[in-house]
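The residues making up each chain are set out below.
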Amino acid sequence: MNGMRGIDGLPGLDGYPGQKGEANRPGQPGLRGEDGLPGYDGLPGLQGRTGPSGPTGFPGPDGFPGAASPPLGFIYARHSQTTEIPICPRGQSALWSGYSLLYIQGNEKAHGQDLGAPGSCIVRFSTMPYMFCNLNNVCNVAQRSDYSYWLSTLEPMTMMMQPIVGEAIRPYISRCTVCEAPSQAIAIHSQSMQIPDCPRGWESQWIGYSFVMHTGAGDQGGGQSLQSPGSCLEDFRPSPFIECHGVGTCNYYSTTISFWMTTVESNQQFRAPQPQTLKAGNLRQRISRCAVCTKRTY
């Protein structure tokens, strides 16, 4: 007969260490780990030394042609000798338009305007566009019998030659325009009935007749520089200007005389001129022709 199981005994003492076992073979490589987070930017490095110069490059292709140069400020006046405002030639700019003042006469002294200069084209018309002042600090307007002279139009004289007054004066006064050109404008006179050619490299802006000088009341007057565009009027007429007074009237008078360059034949140089009187219808036979030219800029 078996008896009951007894109580477990106490643990025994540790045994002696066993001998070292043999080394096993290396295991398989582990899986690739995930990329780590980017690190912080490093500090800027020191500036490197300048490298040697590179070789010279090949010439580049030619550029496109440049645009035309703007006007350079050569200014002159053009007069229509009509009531129409003249147009500046192609490629030129109009600065202002006005009325064609030829000259003024005050205190029996005349002061002329170069018809090629901007001052001959004043913006507003008056039969007396100036006043006179004296040492007493007093100035007077339209209180003297002084005169102003203006290039005129083809408007005929009044039937009874009575003075022209007020708004009726307007059709008699030539209009003008001040133009800005890219080169200087000059007048060339042929001293013949042939229209002169412009020099090589220049082009014609208009043609006309060679106007030299003018006189009015009291044998006073003025003249035009023959190089000025104002000496080449586009239309010829024996009386190209009209006289106006401080009292507000204008008219044509027998004391107003115009002077024009005449024709000179080559075989008549250094010989005494032959007197000749030209009548209406034949007046242009002895008037020199002219052209106004500007230098090409293209």
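Our structure's up above, just so we're on the same page.
Residues numbered from 1 in each chain as written. Predicted model: local features only at pLDDT ≥ 70, side-chain atom pairs only at ≥ 80, totals over all residues. Heavy atoms only, no water.

Draft legend 1. Main features of the overall build of the protein. Summing up its helical and strand segments, the protein has zero helices and 17 strands in all. Rg of the C-alpha trace for the protein: 50 Å, well past the compact-globule value of 19 Å for 298 residues, more than 25% over. Counting only C-alpha atoms and orienting by the principal axes, one finds that the protein spans roughly 185 × 55 × 45 Å. Among the 298 residues that make up the protein, the fraction classed as buried is 33%. The contacts in the protein between residues at least 6 apart in sequence include a share of 75% that link residues at least 24 apart. When the accessible surface of the protein is split by element, carbon and sulfur atoms take 55% of a total near 21,400 Å². Separation between the mean location of the 21 positive side-chain charges and that of the 21 negative ones in the protein comes to 9 Å. (Helix = DSSP H or I, 4+ residues; strand = E, 2+ residues; numbered from the N terminus. Rg over C-alpha atoms; globule rule 2.2 N^0.38 Å. Buried < 20%, exposed > 50% of the residue type's maximum accessible area, 1.4 Å probe, protein only. Contact = heavy atoms within 4.5 Å. Areas by Shrake-Rupley, 256 points an atom, 1.4 Å probe, with all protein chains shown as cover. Lys, Arg positive; Asp, Glu negative; His and termini not counted. Charge placed at Lys NZ, Arg CZ, Asp CG, Glu CD.)

Draft legend 2. Highlighting the layout of surface pockets. The calculated volume of the largest pocket comes to roughly 480 Å³. Together, 15 residues line the largest pocket, and T262, T263, P273, Q274 and R286 are the ones closest to its centre. Its residues assigned to classes, the lining of the largest pocket comprises eight nonpolar, four polar and three charged. (1 Å grid on protein atoms, 1.4 Å probe; cavity = no way out; pocket = protein on both sides within 12 Å on 5 of 7 lines; lining within 4 Å. Points joined across faces, edges and corners; volume = space filled by probe spheres on them. Nonpolar A, V, L, I, M, F, W, Y, C, P; charged D, E, K, R; others polar.)

Draft legend 3. Up close: the side chain of R78. For R78, the location among the structural elements is in strand β1 (residues 74–79). At 2.9 Å, the side chain of R78 forms a polar contact with the backbone oxygen of I87. A polar side-chain atom of R78 sits 2.9 Å from a polar atom in the side chain of E234. Apart from the residues within four sequence positions on either side, R78 is in contact with P86, I87, C88, P89, R175, C176, T177, Q205, W206 and E234. (Polar contact = N/O pair within 3.5 Å; in protein donor to acceptor, adjacent residues only side chain to side chain.)

Draft legend 4. Structural context of the state of the cysteines. All told, the structure shown has six disulfides when counted by the stated rule. Here C121 pairs with C176 through a disulfide, and the sulfurs are 2.1 Å apart. Because the sign of the S-S torsion sets the handedness, a value of about 95 degrees for the bond joining C121 and C176 places this disulfide among the right-handed ones. Here the residue C121 occupies a position in strand β4 (residues 121–122), and C176 occupies one in strand β9 (residues 175–181), the gap between them amounting to 55 residues. (Disulfide = S-S within 2.5 Å.)

Draft legend 5. View of the pattern of salt bridges. All told, the structure shown has four salt bridges when counted by the stated rule. Of the charged contacts in the structure, one is a salt bridge between E167 and R170, with a shortest N-O distance of 2.5 Å. Two residues, D235 and R284, come together in a salt bridge whose shortest N-O distance is 3.3 Å. Pair noted here: D235 is in the loop between β13 (232–233) and β14 (241–245) and R284 is in the loop between β16 (257–260) and β17 (289–295), with a separation of 49 residues, a long-range link. Looking at R284, the relative accessible area reads 41%, which means it is partly exposed. Within the structure, one salt-bridge network assembled from shared partners comprises D235, R237 and R284. (Salt bridge = Lys/Arg side-chain N within 4 Å of Asp/Glu carboxyl O.)

Draft legend 6. Local environment of the packing of aromatic side chains. Within this structure, the stated rule accounts for nine aromatic pairs. With a centroid separation of 5.9 Å and 40 degrees between ring planes, the pair formed by Y76 and W206 is classed as tilted. With Y76 in strand β1 and W206 in strand β11 (residues 202–215), the pair connects residues that are 130 residues apart, well separated along the chain. In terms of burial, Y76 and W206 fall into one category: buried. With centroids separated by 6.0 Å and ring planes inclined at 70 degrees, the aromatic side chains of Y149 and F241 adopt a geometry described as edge-to-face. Taken as a pair, Y149 in strand β7 (residues 147–151) and F241 in strand β14 lie far apart in primary sequence, 92 residues in all. For the pair Y149 and F241, a shared accessibility class is recorded, and that class is buried. Three or more aromatic residues joined by ring pairs make a cluster, and in this case those are Y103, Y147, Y149 and F241. Over the face of the ring belonging to Y99 we find R175, whose NZ or CZ atom lies 4.2 Å from the ring centre. The ring of Y209 has R289 lying over it, and the distance from NZ or CZ to the ring centre is 4.1 Å. (Phe/Tyr/Trp six-rings, centres within 6.5 Å; stacked < 30°, edge-to-face > 60°. Lys NZ or Arg CZ within 6 Å of the ring centre and 35° of its normal.)

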